[in-house]
Amino acid sequence: MSEKTQPVLGMILKGYPRISETFISNEILLLEKLGFRIHIISMRQPRENFSHESVKQIKAKVDYLPETILLPLPRFLYHNFLLACRQPRRYGEALQIMWRRFRRTRKKATIKHLLQAGYLVHRFLPGSGITHLHAHFAHSPTSVAMFASYLSGLPFSFTAHAKDIYTSDPAQLAEKIGLARFVVTCTEYNRRHLASLANGHKTPLHRLYHGIDLNLFAAPDEMNVSPNPPYKILTVARLTEKKGLPTVYKALRLMRDRGLDFRHTLIGDGDDREKLEALIRELGLSDVTSLIGTRPHHEVLAQFRQSDLFVLGCQLTGSGDRDGIPNVFVESMAVGVPVVGTRVSAIPELIEHGETGLLVEPNRPDLLAEAMTSLLTDRKLRAQFIPEARAKVLRDFDNKALIQLLAEIYRREGIGETEQPDQTWQS
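Visitor: It is not clear to me how the overall build of the protein should be interpreted in this structure. Could you clarify?
Guide: Each helix and strand counted, the protein has 17 helices and 13 strands in total. Computed over the C-alpha atoms, the radius of gyration of the protein is 23 Å, within 12% of the 22 Å expected from 2.2 N^0.38 for a compact globule of 427 residues. C-alpha extents for the protein along the principal axes are approximately 75 × 45 × 40 Å. Taken over 427 residues, the protein has a buried fraction of 57%. Here the contacts in the protein between residues at least 6 apart in sequence split such that 75% fall between residues at least 24 apart.

If you want it as structure tokens, here you go:
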């Protein structure tokens, strides 16, 4: 089958590329290496002015939807009007769904998602070869995919991650699950939660961990079981509430008060940067901490290899937002850096307390300080955890093995096969 006739997987993303969503770009690249043709449709332009090297290897065509309603309204109306004239029944059904969903939440974004879907179907689908739509994140990208499915007749599926699951309206999310061909999520904790919302829908729910490139995140030849002061502590995170960074800094203050000599580096950026900088000054930690912003993968990897310990203080927020399994934990364990985390969400699926790392309750800087101190100073504990953590990652988080499982899910659903679904919208 030539490339021109091979079916294409349409991938709807919130933004592309994004430094913090390397797991998505890695998935796309690995699927391409397995022979899948992919067309990326992004709802937003990139927010960083650089990208990881792996992104530059992706061959997929990329199209961007208008991000707002007012300025691009003439374009929205043009494409949606022509589509409605061509497919009045389908467009009428999509309008009914939009109205029902709008009445549940009263969110204007619902209207925008229908307009974006109409724009996508009329502007990007003709001649694209797309036979299936798959969205990453269960909120707005899946809303666009769902409406585009109604308007085009193409099946859709989605991958649910973390915030998108727990901050979504349960009725809205249940409806998406019921309409989707299948759902993928990255933790067993998430899968059970989605199953509880499914309201009897028989939609397959697949748990598939995010993997990492084990060749890139390779362990050193020798374990670092006896680090010397000043100990090098690393955190990589978006500067947002759910990462529990204030708990980390309060724990560092307690460690300093007990005479421990260390240096802490935080990689990442976000809305809470000014608050964290103020907290660091208040705690008197400015001389032993560094906030170095967002960095490309090779610089993050270099920081991992220089570090003696990795820590995050993940927590639940008032809105219900929470992490799944932060990939940075997996990366740290792969390169032989011991980890300390919290008992939140699916983190215990990776960090098995007392076997592959240490876990404490969230919002407890005293317990976090004790755990960090133990893993920095206890040679026996480090010698036990480092190889066990690496073995856990090798067994459960190899992205090359996991992508084969994802590819098989797609193939079972006929994605990438020669059979073409209903595409009367193109006529």
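Visitor: How should I be thinking about the pattern of salt bridges in this particular structure?
Guide: Proximity of charged atoms lets side chains of opposite charge pair with each other. Inspection of the entire model under this criterion finds 25 salt bridges. For the salt bridge of Glu93 with Arg89, the shortest nitrogen-to-oxygen distance reads 3.2 Å. Taken together, the positions of Glu93 and Arg89, both in helix H4 (residues 88-105) and four residues apart, correspond to about one turn of that helix. Across the salt bridge formed by Arg101 and Glu175, the nearest N and O atoms sit 2.6 Å from each other. One end of the pair, Arg101, is in helix H4; the other, Glu175, is in helix H8 (residues 170-179), and 74 residues separate them in sequence.

Visitor: Would you mind going over the side chain of Ser128 with me for this structure?
Guide: The residue Ser128 is located in the loop between helix H5 (109-124) and strand S4 (130-136) in this model. Only 2.7 Å separates the side chain of Ser128 from the backbone oxygen of Leu125, close enough to count as a polar contact.

Visitor: Looking at this model, I keep getting lost on the sheet that holds strand S11 (residues 309-311). Mind explaining?
Guide: The pairing of strands in a sheet comes from backbone hydrogen bonds and takes either a parallel or an antiparallel form. With respect to topology, six strands assemble into an open sheet ordered S10-S9-S8-S11-S12-S13, the strand pairing being parallel. Strands at the two margins of the open sheet, each flanked by one partner only, are strand S10 (289-291) and strand S13 (358-360). Each strand of the sheet is rotated relative to its neighbour by a mean of 20°, with strand direction disregarded. For strand S8 (residues 231-236) and S11, the ladder comprises two bridges, and the chain directions are parallel. Its bridge partner being in S11, Ile233 is matched across the sheet by Leu309.

Visitor: Help me understand the pairing of strand S12 (residues 339-342) in this model?
Guide: Every regular strand shows the same layout, with side chains that alternate between the two sheet faces. Residues Val339 and Gly341 line one face of S12 and the alternating positions Val340 and Thr342 line the opposite face, and both faces are buried. The sheet contact formed by S11 and S12 spans two bridges and is parallel. Bridge assignment links Phe310 to a residue of S12, and that residue is Val339. With helix H13 (residues 327-334) bridging S11 and its parallel neighbour S12, the resulting β-α-β unit is right-handed. Here three bridges tie S12 to S13, and the two strands are oriented parallel to one another. When the bridges of S13 are listed, Gly341 appears paired with Leu359.

Visitor: I would appreciate a short explanation of the confidence of the model for the protein in the present structure.
Guide: Should pLDDT be low for a region, the predicted coordinates there are not to be read in detail. Across the protein, the average pLDDT comes to 93, with 95% of residues at 70 or higher. Segment residues 418-427 is flagged for pLDDT under 50; beyond a separation of four residues in sequence, or across chains, it makes 32 contacts in the model.

Visitor: Looking at this structure, I do not really get the packing of helix H1 (residues 22-33) against helix H17 (residues 399-412). What am I missing?
Guide: Relative placement of two packed helices is described by the angle separating their axes and the distance separating the axes. At a minimum axis separation of 10 Å, H1 and H17 run at an interaxial angle of 70°. On the basis of their axis angle, the class for H1 and H17 is roughly perpendicular. Contacts between H1 and H17 involve Glu27, Leu30 and Leu31 from the former and Asn399, Ile403, Leu406, Ala407 and Tyr410 from the latter. Looking at the contact of H1 with H17, its residues break down into six nonpolar, one polar and one charged.

Visitor: Would you mind going over the state of the cysteines with me for this structure?
Guide: Going through the model one piece at a time under the given rule, you end up with zero disulfides. In this structure Cys314 is not part of a disulfide, and its nearest cysteine sulfur, from Cys186, lies 13 Å away.

Visitor: Any chance you could explain H4 here in plain terms?
Guide: Given 3.6 residues to a turn, an α-helix orients residues that are three or four positions apart in the same direction. Between its first and last C-alpha atoms H4 spans 26 Å; for 18 residues at 1.5 Å apiece the expected length is 26 Å, and the two agree. Of the residues making up H4, those classed as buried are Arg90, Tyr91, Ala94, Ile97, Met98, Arg101 and Phe102. Buried residues of H4 fall within an arc of 135° about the axis and therefore sit on the same side. Summarising the geometry of H4, the exposed residues directed more than 90 degrees from the buried face are Pro88, Arg89, Gln96 and Arg103. Tucked into the core, H4 has its buried residues touching helix H3 (73-86), H5, helix H6 (140-152) and H8. Just beyond H4, the residue with positive phi is Arg106, at close to 60°.

Visitor: I'm lost on the sheet that holds S4 in this one. Help?
Guide: Spatially, seven strands are ordered S3-S2-S1-S4-S5-S6-S7 in an open sheet, and the strand pairing comes out parallel. Each edge of the open sheet carries a strand with a single partner, namely strand S3 (61-64) and strand S7 (205-207). Averaged over neighbouring strand pairs, the angle between their axes works out to 20° when direction is ignored. Note that strand S1 (residues 8-13) and strand S2 (residues 37-42) share six bridges and pair parallel. Its bridge partner being in S2, Val8 is matched across the sheet by Arg37.

Visitor: I would appreciate a short explanation of the environment of Ser20 in the present structure.
Guide: Along the chain, Ser20 falls in the loop between S1 and H1. With relative accessibility at 34%, the residue Ser20 sits in the partly exposed group. Those residues in contact with Ser20 that lie beyond four places of it in its chain are Arg47 and Arg238.

Visitor: Sorry, what's going on with the packing of H3 against H5 here?
Guide: Where H3 contacts H5, the two axes come as close as 8 Å, and the packing angle between them is 70°. As judged from the angle between their axes, H3 and H5 are roughly perpendicular. The handedness of the crossing between H3 and H5 is left-handed. Here H3 contributes Arg75, Phe76, His79, Asn80, Leu82, Leu83 and Arg86 to the contact with H5, which in turn contributes Leu114, Leu115, Gln116, Gly118, Tyr119, Val121, His122 and Arg123. Residue classes in the contact of H3 with H5 are distributed as seven nonpolar, five polar and three charged.

Reading the values: the criteria
- Residues numbered from 1 in each chain as written.
- Predicted model: local features only at pLDDT ≥ 70, side-chain atom pairs only at ≥ 80, totals over all residues.
- Heavy atoms only, no water.
- Helix = DSSP H or I, 4+ residues; strand = E, 2+ residues; numbered from the N terminus.
- Rg over C-alpha atoms; globule rule 2.2 N^0.38 Å.
- Buried < 20%, exposed > 50% of the residue type's maximum accessible area, 1.4 Å probe, protein only.
- Contact = heavy atoms within 4.5 Å.
- Salt bridge = Lys/Arg side-chain N within 4 Å of Asp/Glu carboxyl O.
- Polar contact = N/O pair within 3.5 Å; in protein donor to acceptor, adjacent residues only side chain to side chain.
- Pairing = 2+ DSSP bridges.
- Axes fitted to C-alpha atoms, helices over the stretch in contact; angles between N-to-C directions.
- Right-handed = clockwise from strand over helix to strand, strands pointing away.
- pLDDT = per-residue confidence, 0-100.
- Parallel < 35°, antiparallel > 145°, perpendicular 65-115°, else oblique.
- Nonpolar A, V, L, I, M, F, W, Y, C, P; charged D, E, K, R; others polar.
- Disulfide = S-S within 2.5 Å.
- Expected span 1.5 Å × (residues − 1).
- Arc of directions from axis to C-beta.
- Left-handed = near helix turned anticlockwise from the far one by under 90°.

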